[in-house]
Structures are given as structure tokens and as C-alpha cells.
Amino acid sequence: MTLQIHPVAEIDSSDLRALVVDNLGALLGDGARLVENLPQIDGCCLAVSDTHDGPVLLSFDAVDPQQALLAGLARMDLLGSEMAAQLLHDYQPPAELLVLAPAAPPGYLLFSGPCPVNWRRIQVLSVNGELGMVIAPVVDETAANPAAVAPIPLDRRPTIVESVMNPEEEQHFSQL
Amino acid sequence: MHNPAWRPARLQSGRLDSIRHHFIDVPPVISSPGKLRVIHNLPVHLAVAAGHPAAALQPHYLVDALTRQLNIQTSVTGGCSGWRLEVIPPGGRMSDAGEGLILVFATASLEGVRLAYTGIKQLSTTPARRFGVLFSGARDAEIVRRCQERLASGAREFLGIRLHQLGNLSAPGPDFSAGLARLAGEVHRLWKTQSANNQPEVAHS
């Protein structure tokens, strides 16, 4: 049997959302699930619990990493408001924003501390006409770059935060 | 009638204007008989590898020669502005006097490409930057092409920046003057485009 695999340039947001829901285990580990007491946020964001019941907000875009980051930040702002806590019983705002996009969203490293922003590389493929999603494995950046463990002083961020290549960049620039 | 709420803002902006010379390098305006002469600062990021060939174009020679050539070509065309090239110190800090165009001078090798990329990555955190990349020290044209492609594809993929290729400039020799004149013309054209389009965007063709 021949597999016809090709990248999907455009995907409906509901299809992408369904793919993300189907792959929650692959993204966050076994036991990850949708948060039940949160209303649907919108087409590109999902509130989920990870394997340790930690609330995580997923923001995804199959094409535009920056759009995924910005949409996620806006929803984090909403979900962190006092109004959300008043409206929802036993409410716990997301402790992490996880951006799913085909490339690193510019500027995501600037967000760290108590509510970090992380990202995972995804690519939507069509396999014999069926949609599928490739999720890049997690790379332990702190192992490759011990300096990444320490928070970077705010006044130095514009000059040094981007000075180290991430694993994808290292791979790209490993040869001519 | 002015909104009274604007008054504090106007006072604040006047105060900032009065002290800004302490913090901002303003391009000097030099008086000359009859007309003003404005100096354009062109920041230069040096991505010179440890193995930069001694026979290749050396960075400080390039800075001096290109400064001279830009000023000559500007005066020949009747312009009333001058040029000053400013090497960006390690760490990427630079004055705010640049006008959005940054020249990257890189050794045509893998190490040079990596240095160029990390420099561009640092400097691209400021909006409205356009990067022109010049290589030197290649054995042949194929090396230059591979360096250009590797750097351009990485900048495009990871930073969303489209670089402007300024080619390769060899060490001073028979072809150096023509190459320098071509480079100066290209830098001037890029600078004019950048000034005209001075908008917060870094991806250009």
C-alpha cells in the first residue's frame, strides 16, 4: 500500500481543534484531559489539565506562530481575571500557556516565571486523505543550555535572551 | 480648546526633550556654508570567525573603505549628507542613531554564518531593522552561495526575516574598487528604501 503524505497548507480551525483534542495524550502525557468546568474559550484555545492535574491553556495555529502566541496571551489574561474566578466554581487559572505552532513563536522566551509560555512544534499532514498531526518530540533545552535555567534579568533581555541557538537552530546551522 | 489632560503630557515631553541628549546619540548636524550636512550612521555587525583568512578582506579595512566610498558617491551625486559606519560592540548594544539598516560582514564559513545568525537574532529584537549581508574569505563562488542560502533560510525560518544579500567582496586587488563601488551603491539604495518605508517590519524582499 502506498501512503500519500503531504503537508496541509490550510486547515479549518475546528479540524485543527479536533486534532489537538485527539492528541492531548501525546502532547501532555497520559491522563491529560479537557477541563470540564471551563466554557469553550474559542476556536484556537483549549483549557486542559496535564497528567498532574495542572491547568494548562493550549493555543494553536497551524500556520502562524505569532498569532498562536498572541491569542494565547489574550486568553490567559482573560482567564486570570477575578471575574473568571467569580463566575466559575473551584476555579484555578491556567499555570502555563502551551503554544502549538509550526515554528517557535517570536518572543515567547520573554515570558517566564510563575506563568511560563512554552511551545511545541506541530505540523498538519494529509495521509491518504485523512488529516493527521505530527508533534515534534520535547527537547530538554535546559540540558543543552544550562544557562537557560536561571531567569534572565529584565534589563539584559533585549541583548542576550536570543543569543543562544535553540536545538532547531543548532541543527540548521550544523553544516553549510 | 485643548483637553486639560494633555497638559501634563506636554510638560513631560518637554522635559524629556530637554534631557534626551544624555541618553540618545543624535546624528550630528554639521554646518557648512549654505547647507546642513547630516551624518547617517550605518551600524555594522562583524561576524568574523577565528579562522578568517588573512588574505581576505579585513573588517576594519572594509569599514574605512566603505565609509570613504559612501561619502564619495554621496558627494558626487550632489547629496548634502555624510556617512559614518559604526561597528556594533559584542553583546549587540548599539546606539539608537541607526536608521534601520544594519550591515553584516561575515566570514564565508560555517562559523561565520553562525556568528552572523546569532548577531542578527540579537539585533532583530528591535523593530524596523533590515539586514544586508556581505561575505568575504570564500575559496570559490559555491562556498559563498552555500553560506548565503544557509543564513537566509535560517533567518527566514526562525526569525521571519528576509535578508538582503550583498554578495562577496574579496581582498583589495584588481576587482576591489569595482566591488566596493557596487557595494556602496547597494547600501545606499537599501538605506533609501528603508528610510522611505520606515515602518516596524523586518521582513523585506
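Residues numbered from 1 in each chain as written. Chains lettered and ligands numbered in written order. Predicted model: local features only at pLDDT ≥ 70, side-chain atom pairs only at ≥ 80, totals over all residues. Heavy atoms only, no water.

### Section: the overall build of chain B
Phase 1 of the analysis: The number of helices and strands found in chain B is five helices and six strands.
Phase 2 of the analysis: In sequence order, the secondary structure elements of chain B are arranged as α-β-β-α-β-β-α-β-α-β-α.
Phase 3 of the analysis: A buried classification covers 43% of the 205 residues belonging to chain B.
Phase 4 of the analysis: Within chain B, counting contacts between residues at least 6 apart in sequence, those at least 24 apart form 78% of the total. (Helix = DSSP H or I, 4+ residues; strand = E, 2+ residues; numbered from the N terminus. Buried < 20%, exposed > 50% of the residue type's maximum accessible area, 1.4 Å probe, protein only. Contact = heavy atoms within 4.5 Å.)

### Topic: the nonpolar core
Phase 1 of the analysis: In terms of nonpolar packing, the biggest core is built from 24 residues, with Phe173 of chain A together with Tyr117, Ile120, Phe131, Phe135, Leu151 and Leu163 of chain B touching the most fellow members.
Phase 2 of the analysis: Here this core takes six residues from helix H4 (residues 141-159) of chain B, the largest share from any one element.
Phase 3 of the analysis: Leaving out residues up to four positions away in the same chain, Phe135 of chain B has contacts with Ala106, Thr107, Ala108, Val113, Cys147, Gln148, Leu151, Gln165, Gly167, Asn168 and Leu169 of chain B.
Phase 4 of the analysis: In terms of nonpolar packing, the next biggest core, distinct from the first, is built from 23 residues, Val44, Leu57, Leu66 and Trp191 of chain B among them. (Core = buried A, V, L, I, M, F, W, Y, C linked by side-chain atoms within 4.5 Å.)

### Some words on the pairing of strand S7 (residues 130-135) of chain A
Across a regular strand the side chains alternate sides, sitting on one face of the sheet and then on the other.
Phase 1 of the analysis: Note: strand S6 (residues 117-127) of chain A against S7 of chain A, six bridges, orientation antiparallel. Bridging across to S7 of chain A, Gln123 of chain A finds its partner in Val134 of chain A. (Pairing = 2+ DSSP bridges.)

### A word on the confidence of the model for chain A
Phase 1 of the analysis: Residues at a pLDDT of 70 or more form 73% of chain A, whose mean pLDDT is 76.
Phase 2 of the analysis: Counted against residues more than four places away or in other chains, residues 140-162 of chain A, with its pLDDT under 50, gives 23 contacts. (pLDDT = per-residue confidence, 0-100.)

### Some remarks on helix H3 (residues 65-79) of chain A
Residues and elements named next belong to chain A.
Phase 1 of the analysis: For H3, with 15 residues, the first-to-last C-alpha span of 21 Å sits near the 21 Å given by 1.5 Å per residue.
Phase 2 of the analysis: Where H3 is concerned, the buried positions are Pro65, Ala68, Leu69, Ala71, Gly72, Met76 and Leu79.
Phase 3 of the analysis: The backbone nitrogen of Gln66 lies 3.0 Å from a side-chain oxygen of the residue at the head of H3, namely Asp64. (Expected span 1.5 Å × (residues − 1). Polar contact = N/O pair within 3.5 Å; in protein donor to acceptor, adjacent residues only side chain to side chain.)

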